[in-house]
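As a plain string of letters, each chain reads:
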Amino acid sequence: MLQISRNVRLCLQHLSHKLTLKSCIPRNLSLVTKTKSAVAEYLDSRGILRVSGEEASVFIQGLITNDMRHIEEGAPSMYTMFLNTKGRVMYDAIIYKSKEQNVFLIECDKSASPQLLKHLKMYRVRRKIDIKNIDDELKVWVIFDPQLADYNENEIDGNKPVNLSGVSDSTNTEIMTHLGNRNDLIVCRDPRLSVLGVRVLAPSGEDISLIDGKDDSSHQKYKSCYRAFRFKLGIGEGVNDLPPGNCFPLEANGDYLHGVSFHKGCYIGQELTARTHHTGVVRKRLMPLFFHSVSQTELEMNASIQPLSGSNKVSLGKLRGVEHNIGLALLRVTEALDVSKLKISDVTAETRKPSWWPQEAPKERVFAGKT
């Protein structure tokens, strides 16, 4: 069971940005779970926009890839993307149903909040809708189990995906059962994948930390960093991983992450998205990279990825991000899985088909280096 200790004050190290949260926060909620490896991390790169008004749902519906009817019919949150008129991803987001009537919260990349706010206001026209940034009121936290990304390829049987949902659901349920009683929090499973844990929107003065029962922080090593965790799973988030105007929603795995509806009405960028889906041809997708060593020089984003052997003129994709020896890249799926090793600048890497991809995905080999 979960236990609360109101006298414990911890600070988390946000390793991806080398930021230390100060312990001078007025309130602190510390949780202990049966899953000792679960950790909480404050996502300082995420911001919140508040959209309110009687026409808010209809307004948002015409701008996003997903269907607002999911939330209207009871879903607490959903993943979605905002596209430009050419069908390319501008911003990815998670939309939450607020506890207030006709109010929705949009979690997005904080650095892109001003641009998304401007985008929304541009299409508001004469609708009676209020849109504002509430970064100073709510903060985004994630509670996840980093060990769920450390599966061994030897345990993978051929092309059969590893089912991690059952492992993560028990921890998610435990956390949500307790935190769900807090009226000042919005708590829900990550709408993309259950393995990504629980998302928490908390007041700006709240510090949420999971500890192992000995008052020791469980958020100490780089592998506990949420960014590295996402990269191991091959999941992008924010404008660094999904540069605005550089990829299509299906290339960013929007369909696999329950972020695209193919049954709703028209929205900006729909035509190309629908045509790509119905032709069944998605040649490039975001995939994880596993480096054999840490590069001695900083790898440039969008660096070309090539096969280790063969022509240097052959490009298999572009680098999207690096966290220690884990990376994320937009790769040509078939070609990248057909080579045993990849080359980025002065380092080599391998890739594998993410275990959470649905079985209807093309039957590539699960691990590129496996014979």
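Residues numbered from 1 in each chain as written. Predicted model: local features only at pLDDT ≥ 70, side-chain atom pairs only at ≥ 80, totals over all residues. Heavy atoms only, no water.

1. Quick look at the overall build of the protein chain
Stage number 1. Within the protein chain one finds 7 helices and 20 strands.
Stage number 2. Split into buried and exposed, the 371 residues of the protein chain put 56% on the buried side.
Stage number 3. Sequence-distant contacts in the protein chain: of pairs separated by 6 or more residues, those separated by 24 or more amount to 71%.
Stage number 4. With an accessible surface of roughly 17100 Å², the protein chain has 48% of that area assigned to carbon and sulfur atoms. (Helix = DSSP H or I, 4+ residues; strand = E, 2+ residues; numbered from the N terminus. Buried < 20%, exposed > 50% of the residue type's maximum accessible area, 1.4 Å probe, protein only. Contact = heavy atoms within 4.5 Å. Areas by Shrake-Rupley, 256 points an atom, 1.4 Å probe, with all protein chains shown as cover.)

2. Details of the confidence of the model for the protein chain
Stage number 1. Of all residues in the protein chain, 76% have pLDDT values of 70 or greater, and the mean over the chain is 80.
Stage number 2. Confidence over residues 1–30 falls short of pLDDT 50; this stretch has 85 contacts with residues more than four positions distant or in other chains. (pLDDT = per-residue confidence, 0-100.)

3. Some points on the packing of aromatic side chains
Stage number 1. The tally for this structure, following the rule as stated, stands at 5 aromatic pairs.
Stage number 2. Ring geometry for F144 versus Y226: centroids 5.2 Å apart, planes at 65°, classification edge-to-face. Of this pair, F144 sits in strand β11 (residues 138–144) while Y226 sits in helix α5 (residues 226–233), and the two are 82 residues apart along the sequence. With respect to burial, F144 and Y226 carry one shared label: buried.
Stage number 3. Members of the aromatic cluster, connected to one another through ring pairs, are F144, Y226 and F229. (Phe/Tyr/Trp six-rings, centres within 6.5 Å; stacked < 30°, edge-to-face > 60°.)

4. A few points about the nonpolar core
Stage number 1. Formed by 60 residues in total, the largest nonpolar core has its most connected members in L289 and I344.
Stage number 2. Not counting residues within four places of it along the chain, the set of residues in contact with L289 comprises I305, L319, N325, I326, G327, L328, A329, L331, L342, I344, E350 and T351.
Stage number 3. One finds V51, Y91, A93 and F104 within the second-largest nonpolar core, a separate group that totals 26 residues. (Core = buried A, V, L, I, M, F, W, Y, C linked by side-chain atoms within 4.5 Å.)

5. Quick notes on the sheet that holds strand β18 (residues 326–332)
The strands making up a sheet are joined through hydrogen bonds of the backbone, oriented either antiparallel or parallel.
Stage number 1. In spatial order, the strands read β15-β18-β17-β16-β19-β20; together these 6 strands close into a barrel with antiparallel pairing. Each strand of the sheet is rotated relative to its neighbour by a mean of 45°, with strand direction disregarded.
Stage number 2. As judged from the 2 bridges shared by strand β16 (residues 304–307) and strand β17 (residues 317–323), these two strands associate in the antiparallel manner. From the neighbouring strand, I305 faces β17, where its bridge partner is G317. (Pairing = 2+ DSSP bridges. Axes fitted to C-alpha atoms, helices over the stretch in contact; angles between N-to-C directions.)

6. Overview of the pattern of salt bridges
Oppositely charged side chains may form a pair once their charged atoms are brought near each other.
Stage number 1. Considering all chains together, one arrives at 17 salt bridges under this definition.
Stage number 2. Between R69 and D67 there is a salt bridge whose closest N-O contact spans 2.6 Å.
Stage number 3. Residue R69 is classed as partly exposed on the basis of its relative accessible area, which comes to 40%.
Stage number 4. For D67, a relative accessible area of 4% gives the class buried.
Stage number 5. For the salt bridge of R285 with D255, the shortest nitrogen-to-oxygen distance reads 3.0 Å. Taken together, the residues R285 in strand β15 (residues 284–291) and D255 in the loop between α5 and α6 (270–279) connect sequence positions 30 residues apart. (Salt bridge = Lys/Arg side-chain N within 4 Å of Asp/Glu carboxyl O.)

7. Observations concerning the sheet that holds strand β5 (residues 39–42)
Stage number 1. Strand order across the open sheet formed by 4 strands is β5-β11-β13-β12, with antiparallel pairing between neighbours. Only two strands of the sheet have a single neighbouring strand rather than two, namely β5 and β12 (186–189). Going across the sheet, the axis of each strand differs from the next one's by a mean of 20°, ignoring polarity.
Stage number 2. Summarising the sheet, β11 and strand β13 (residues 198–203) pair through 6 bridges and their orientation is antiparallel. Each residue of the ladder has a partner; that of I143, found in β13, is V198.

8. Let's talk about helix α3 (residues 113–124)
Stage number 1. Between its first and last C-alpha, α3 extends 16 Å over 12 residues, near the 16 Å set by a 1.5 Å rise per residue.
Stage number 2. Buried within α3 we find S113, L116, L117, H119 and L120. All buried residues of α3 project into a common sector of 160° when viewed along the axis, lining one side. Residues of α3 that are exposed and point more than 90 degrees away from the buried face comprise K118 and M122.
Stage number 3. Looking at the packing, one finds that the buried side of α3 touches β6 (46–52), α1 (56–61), β7 (77–83), β8 (89–97), β9 (103–109) and β10 (130–133). (Expected span 1.5 Å × (residues − 1). Arc of directions from axis to C-beta.)

9. Brief notes about the environment of W356
Stage number 1. Mapped onto the elements of the fold, W356 is located in the segment after β20 (347–350).
Stage number 2. Given a relative accessible area of 15%, W356 falls into the buried group.
Stage number 3. Spatially, the C-alpha atoms of W356 and L257 are 9.4 Å apart, while their sequence positions differ by 99 residues.
Stage number 4. Those residues in contact with W356 that lie beyond four places of it in its chain are L193, L233, G234, I235, N253, Y256 and L257.
Stage number 5. A distance of 2.6 Å separates a polar side-chain atom of W356 from the backbone oxygen of L233. (Polar contact = N/O pair within 3.5 Å; in protein donor to acceptor, adjacent residues only side chain to side chain.)

10. Comments concerning the pairing of β7
Stage number 1. The element β7 is extensively covered by neighbouring structure, given that 7 of its 7 residues are classed as buried.
Stage number 2. Of the two faces of β7, the one lined by S77, Y79, M81 and L83 and the one lined by M78, T80 and F82 are each fully buried.
Stage number 3. Direction of pairing for β7 relative to β8: antiparallel, over a ladder of 7 bridges. Directly across from L83, in β8, lies its bridge partner V89.

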